[in-house]
Amino acid sequence: SMIKKWKKKSSKYLLENKIFKMREDLVTSPKLKTDHNVWVMEVPTWVNIIPITPQNDVVLVDQYRFGSEKSSLEIPGGMVDPGEDPKEAAIRELLEETGFVGKRVIEIGRVESNPAIMSNYTYTYLALDCEEKSSQKLDGTEDIEIIKKHISEIPNLIRNRDIEHALVISAFHFYNLYLSSE
């Protein structure tokens, strides 16, 4: 059986800010023909990037997250600016958050960030032979500590819940797929 598209009868924005727009749609169930309100967050494309040094260390960022209200061990990442190429955004975020630059940057995957309520994709990049070129350039809501961990330590950091960000964990899954296809 094919899942049919739900018909959208109306749409309105409830909230708009620089990070997302919250949309309320009135939709009709193709099966039951009943109407329902659903909510969608329109979010820009996101990127994340796995920076690996010549010594096989991953350059991780530890930062306070307002959603979980605690610090979160992650890879660098962020929003793609309007008109910006996602790969360029990933390179920019890596430089801003860590001061590191990779010799080679490769797209290794893309996920739907959370298709139940969000409209966007997150692209994952791998940055190889990363070296520190400058200091961090953080904005007012960013307080980021750089932590280097050997690539072999990543599975245990995930297992022990030191890394819990779903998009970061998906990035390392793409990294494993990339390695197995090399």
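Everything that follows concerns the structure shown earlier in this document.
Note that the coordinates shown come from a computational prediction; the quantities given were computed from them, not determined experimentally.

A.B. asks: Got a minute to help me understand the pattern of salt bridges in this structure?
C.D. replies: Side chains that differ in charge, positive against negative, can pair when their charged atoms come close. Across all of its chains, the model carries 13 salt bridges by this definition. For the salt bridge of Arg23 with Asp25, the shortest nitrogen-to-oxygen distance reads 2.8 Å. Like Arg23, the residue Asp25 is buried in the burial classification. For Glu131, the salt bridge identified is with Lys133, shortest N-O distance 3.6 Å. Judged by its relative accessible area of 33%, Glu131 is partly exposed. Lys133 sits in the exposed class, given a relative accessible area of 57%. One salt-bridge network, held together by shared partners, links Asp81, Glu84, Arg92, Glu93 and Glu96.

A.B. asks: Looking at this model, I keep getting lost on the sheet that holds strand 12 (residues 144–150). Mind explaining?
C.D. replies: For sheets, the rule is that strands pair by backbone hydrogen bonds, running either parallel or antiparallel. Sheet architecture is open: three strands sit in the order 6-5-12, paired in antiparallel fashion. The open sheet terminates on both sides in strands that have one partner only, identified here as strand 6 (70–74) and strand 12. Strand-to-strand, the axes of this sheet are offset by a mean angle of 30°, without reference to chain direction. One ladder, built from five bridges, connects strand 5 (residues 57–65) with strand 6; its direction is antiparallel. Counted as the bridge partner of Asp62 is Leu73 from strand 6. The sheet contacts of helix 1 (residues 86–98) involve strand 5 and strand 12, and relative to strand 5 the element is tilted by about 75°.

A.B. asks: Help me out: how do you make sense of the sheet that holds strand 9 (residues 104–112) in this one?
C.D. replies: The sheet built from four strands is open, its strands ordered 7-4-10-9 with mixed pairing. Here the strands that pair on one side only, and so sit at the sheet edges, are strand 7 (77–79) and strand 9. On average, each strand axis in the sheet is inclined to that of its neighbour by 20°, with strand direction left out of account. Of the pairings in the sheet, the one linking strand 4 (residues 46–51) to strand 7 comprises three bridges and is antiparallel in character. Each residue of the ladder has a partner; that of Trp46, found in strand 7, is Met79. Across the sheet, helix 1 is in contact with strand 4, strand 7, strand 9 and strand 10 (121–128); its angle to strand 4 comes to roughly 60°.

About the thresholds
Residues numbered from 1 in each chain as written. Predicted model: local features only at pLDDT ≥ 70, side-chain atom pairs only at ≥ 80, totals over all residues. Heavy atoms only, no water. Salt bridge = Lys/Arg side-chain N within 4 Å of Asp/Glu carboxyl O. Buried < 20%, exposed > 50% of the residue type's maximum accessible area, 1.4 Å probe, protein only. Pairing = 2+ DSSP bridges. Helix = DSSP H or I, 4+ residues; strand = E, 2+ residues; numbered from the N terminus. Axes fitted to C-alpha atoms, helices over the stretch in contact; angles between N-to-C directions. Contact = heavy atoms within 4.5 Å.

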